[in-house]
Amino acid sequence: MTRPKEQLGILVREAGEIFTVCSAAKSLNISNIEAAKTLARWATQGWLTRVRRGLYAVVPIEAANVGQAFEDAWMLVPDLFSPCYVGGWSAAEHWDFTEQLFRDICILTEKQVTHKKQVIHNIPFMLTHIPSTLNFGTKTIWKKDKKIQVSDPHKTILDMLNIPQ
């Protein structure tokens, strides 16, 4: 039987720093129920943080507390809101269209949105529902092992004109 520290190492190598219960079960070769219990135990011990139900992230060893688990909040976007892309003012900031810094991350998603403003793990997200026909004109950027879609410069301007809020 492998030690918890070794299991966590295997999980991070195979699933990355942000993972679901299902991906943890697959990486550790255990049942989903056993994976959920293990991840909950590790979260209680401070090794992981629960982002939302079924989604966990590794707490970096240098983090002062669990609330500082993410060095880049964009890494959460694909796991939380896919199919989606980062757009609006967040994309404008990414493409250097503005020098203004925004705290909220603007997300355009195909998922139905009941609450436009969501705060997840102390990170504010502003969500806008778009039909799948408007999910085009994106560029892929990589943040560690996460593939993130961001609207390209032209699409950023179109979105800001189409959805000014």
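Below: a short report on this structure.

Some thoughts on the environment of Asn29
- As for its placement among the helices and strands, Asn29 is situated in the loop between helix H2 (21-28) and helix H3 (32-45).
- C-alpha separation for the pair Asn29 and Phe81, spaced 52 residues apart in sequence, amounts to 27 Å.

What about the layout of surface pockets?
- The volume enclosed by the largest pocket comes to roughly 200 Å³.
- Every residue lining the largest pocket is counted, 13 residues in all, and those nearest its centre are Trp89, Cys106, Ile163, Pro164 and Gln165.
- The set of elements that each furnish at least two residues to the lining of the largest pocket consists of helix H5 (88-94), strand S5 (105-109), strand S7 (123-129) and helix H6 (153-162).
- By residue number, the principal contributor to the lining of the largest pocket is S7, which donates three residues.
- Grouping the amino acids of the lining of the largest pocket by side-chain chemistry returns eight nonpolar, three polar and two charged.

Focus on the sheet that holds strand S3 (residues 55-58)
- Pairing in this open sheet of three strands is antiparallel, and the strands run S1-S3-S2 from one edge to the other. Looking at the sheet topology across the chains shown, the edges are occupied by strand S1 (18-20) and strand S2 (48-52). Pairs of neighbouring strands in the sheet enclose a mean axial angle of 35°, with direction left out of account.
- Note: S1 against S3, three bridges, orientation antiparallel. Opposite Ile18, over in S3, you have Ala57 as the bridge partner.
- Strands S1 and S3 of the sheet are contacted by H2, whose axis makes an angle of about 90° with S1.

Comments concerning the side chain of Ser27
- Structurally, Ser27 can be placed in helix H2.
- Those residues in contact with Ser27, other than ones at most four positions away along the chain, are Ile10, Leu11, Glu14 and Ala15.

Considering the environment of Ile61
- Considering the arrangement of structural elements, one finds Ile61 in the loop between S3 and helix H4 (77-81).
- The exposure class of Ile61 is exposed, given its relative accessible area of 82%.

As for the nonpolar core
- Ranked by internal contacts, the top residues of the largest apolar core, which has 24 residues, are Val51, Leu80, Phe81, Ile107 and Phe125.
- When contributions to this core are tallied by element, the ones reaching two or more residues are S3, H4, strand S4 (84-86), S5, S7 and strand S9 (146-151).
- Setting aside residues up to four positions removed in sequence, Val51 forms contacts with Tyr56, Ala57, Phe70, Leu76, Leu80, Ile120 and His121.

Section: the pattern of salt bridges
- For the structure on display, the rule yields five salt bridges.
- Its salt-bridge partner being Glu17, residue Lys144 comes within 3.2 Å of it at the nearest N-O pair. Linking Lys144 in the loop between strand S8 (138-143) and S9 with Glu17 in the loop between helix H1 (4-15) and S1, this pair joins segments that are 127 residues apart in sequence.
- Overall, Lys144 belongs to the partly exposed group, its relative accessible area being 48%.

Scoring rules and cut-offs
Residues numbered from 1 in each chain as written. Predicted model: local features only at pLDDT ≥ 70, side-chain atom pairs only at ≥ 80, totals over all residues. Heavy atoms only, no water. Helix = DSSP H or I, 4+ residues; strand = E, 2+ residues; numbered from the N terminus. 1 Å grid on protein atoms, 1.4 Å probe; cavity = no way out; pocket = protein on both sides within 12 Å on 5 of 7 lines; lining within 4 Å. Points joined across faces, edges and corners; volume = space filled by probe spheres on them. Nonpolar A, V, L, I, M, F, W, Y, C, P; charged D, E, K, R; others polar. Pairing = 2+ DSSP bridges. Axes fitted to C-alpha atoms, helices over the stretch in contact; angles between N-to-C directions. Contact = heavy atoms within 4.5 Å. Buried < 20%, exposed > 50% of the residue type's maximum accessible area, 1.4 Å probe, protein only. Core = buried A, V, L, I, M, F, W, Y, C linked by side-chain atoms within 4.5 Å. Salt bridge = Lys/Arg side-chain N within 4 Å of Asp/Glu carboxyl O.

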